[in-house]
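Geometric and topological summary
Each chain, written out:
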Amino acid sequence: MTDPLQTQAIAPAVVLRGEGAWREALPRIVDLGRRPLLLGRSASTYGLRQQLAADLEQGGACPVVSQDLRDCCDDDLGPLARNAAAAGCDAVIAAGGGKVLDAGKLLAHRLGLPCITVPTSAATCAGWTALANLYTPEGAFLGDVALDRCPALLVFDHALVRQAPPRTLASGIADAVAKWYEASVSSGSSGDGLIQQAVQMARLLRDLLLLEGEAALADPSGEAWVRVAEGCALTAGLIGGIGGARCRTVAAHAVHNGLTQLAATHGCLHGEKVGFGVLVQLWLEEQLAGNRLAAQARRQLLPFFRRLGLPTDLEDLGLAGASLEQLRQVCRFACREGSDLHRLPFAVAPEDLLAAMVGATAERQQA
């Protein structure tokens, strides 16, 4: 029997990485669009985007700069799309963190325009993927949107990314480490050659991050920083591109999605919530599936996460005062029909997940 034809968006059409990648990218960007929408969000990176706009003008473009983004939400994307169309924008440049990158990709997808992603941190692999996460204006996760293609151009300029706070790289490490723990449990037994390769890439990436993550945070000018930052922002995206949806997200990301339903967690970064989700997933694997290796992995990750300053319990996530009903709300959302959590090879009910969240917290506090 012939295997069914598969179509998947694996990688950006062009990736420029290294010191000075932004300057090198300017002629390519102008070729893609002479009147790009330059999309941003954070006030802390406003000055950086103003410099990017000046560089674009010097390169022959006429950018339209927008800071009108609260979140990657339809309430913001609708007006942005109308304004971009009215201004005659012919490309979208998303320069920022994960939500800006997702919003830029989704906006370009809806407008039928080329997208250029310019990550300003290594906190996620959103600059790479053909996927966007949608949120409410208040920051609660709604769902993800699969896009037709990856960005036309990804510019990963080391000089730009080095300006980000160290916390963003630690968050990126947690998000990228999750690739192994999620891909191995959901796809480790797959007979598909590309998926097998993606799973092994996830293992190699985990090993790199465990070995060099702390050194990267300690010295942003060192070679370890380059390997770790590119692993978080680029390699993690490639793993998802090759492996497909099943390799991208399982219980760790489902826990993240549930946690975003509570406003108290909105001060935590994406990868910080995903990292806690990894600990919860491993607890589920041990308690519900009898996986002793999961317990060993959790004991390995706990001190590593602590050394990186990552949250490892509910209190760290701002939920010390959360009620039992609020925690149940998190669990119900994470376990809803169609959730990535159900890619685990065993059934998980909301009460099981609640026990895992509380159990992972108790374990951390006793350590």
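Placed above this text is the structure.
Just so we're clear, the structure is a prediction, and the values are computed from it rather than from any experiment. (Residues numbered from 1 in each chain as written. Predicted model: local features only at pLDDT ≥ 70, side-chain atom pairs only at ≥ 80, totals over all residues. Heavy atoms only, no water.)

Describing the overall build of the chain
For the chain, the count of helices and strands is 14 helices and eight strands. In terms of overall dimensions, the chain is globule-like: its C-alpha atoms have a radius of gyration of 20 Å, near the 21 Å expected for 367 residues. Across its three principal axes, the chain shows a C-alpha extent of roughly 60 × 50 × 50 Å. In the chain, which comprises 367 residues, the share counted as buried stands at 56%. Partitioning the intrachain contacts of the chain with sequence separation of at least 6 by distance along the chain shows that 75% fall at a separation of at least 24. Carbon and sulfur atoms form 51% of the exposed surface of the chain, whose accessible area is close to 15,100 Å². (Helix = DSSP H or I, 4+ residues; strand = E, 2+ residues; numbered from the N terminus. Rg over C-alpha atoms; globule rule 2.2 N^0.38 Å. Buried < 20%, exposed > 50% of the residue type's maximum accessible area, 1.4 Å probe, protein only. Contact = heavy atoms within 4.5 Å. Areas by Shrake-Rupley, 256 points an atom, 1.4 Å probe, with all protein chains shown as cover.)

Observations regarding the packing of helix α6 (residues 166-187) against helix α8 (residues 223-243)
Packed helix pairs are specified by the crossing angle of their axes together with the interaxial distance, meaning the distance between the axes. Direction vectors running N to C along α6 and α8 enclose 45°, while the axes themselves pass 9 Å from each other. When the axis of α6 is compared with that of α8, the two are oblique. By crossing handedness, the relation of α6 to α8 is classed as left-handed. Touching L169, G172, I173, A176 and K179 of α6 are W225, V228, A229, C232, A236 and I239, all from α8. In terms of residue class, the contact of α6 with α8 is built from nine nonpolar, one polar and one charged. (Axes fitted to C-alpha atoms, helices over the stretch in contact; angles between N-to-C directions. Parallel < 35°, antiparallel > 145°, perpendicular 65-115°, else oblique. Left-handed = near helix turned anticlockwise from the far one by under 90°. Nonpolar A, V, L, I, M, F, W, Y, C, P; charged D, E, K, R; others polar.)

Description of the packing of helix α10 (residues 251-259) against helix α11 (residues 270-289)
Interaxial distance between α10 and α11 falls to 7 Å at its minimum, and their mutual angle equals 125°. In this view, α10 runs oblique relative to α11, as classed from their interaxial angle. α10 and α11 meet at a crossing whose hand is right-handed. Taken together, the residues of α11 that come into contact with α10 (itself represented by A251, A252, H253, V255, H256 and L259) are H270, K273, V274, F276, G277, V278, V280 and Q281. By residue class, the composition of the contact of α10 with α11 is eight nonpolar, five polar and one charged.

Observations concerning helix α3 (residues 74-86)
The end-to-end C-alpha distance of α3 is 18 Å, a good match for the 18 Å that 13 residues give at a rise of 1.5 Å each. Regarding α3, the residues found buried are D76, L77, L80, A81 and A84. Seen end-on, α3 carries its buried residues on one side only, within an arc spanning 130°. Of the exposed residues in α3, the ones pointing more than 90 degrees away from its buried face are R82, A85 and A86. Where the residues of α3 are buried, they touch β2 (36-39), β3 (64-66), α4 (98-111) and β6 (131-135). Count one or two residues on from α3 and you reach G88, which has phi positive near 75°. (Expected span 1.5 Å × (residues − 1). Arc of directions from axis to C-beta.)

A word on the nonpolar core
Among the nonpolar cores identified, the biggest contains 47 residues, and A122, L169, I173, Y181, L209, C232 and L301 are the most heavily contacted of them. Counting residues per element, the ones that place at least two in this core are β8 (153-157), α6, α7 (193-218), α8, α11 and α12 (292-307). If one sorts the elements of this core by residue count, α6 sits on top with ten residues. Those residues in contact with C232 that lie beyond four places of it in its chain are A122, T124, C125, L169, G172, I173, A176 and L209. Counting residues in each nonpolar core, the second largest holds 29 residues, with V250, A254, F276 and C331 among its members. (Core = buried A, V, L, I, M, F, W, Y, C linked by side-chain atoms within 4.5 Å.)

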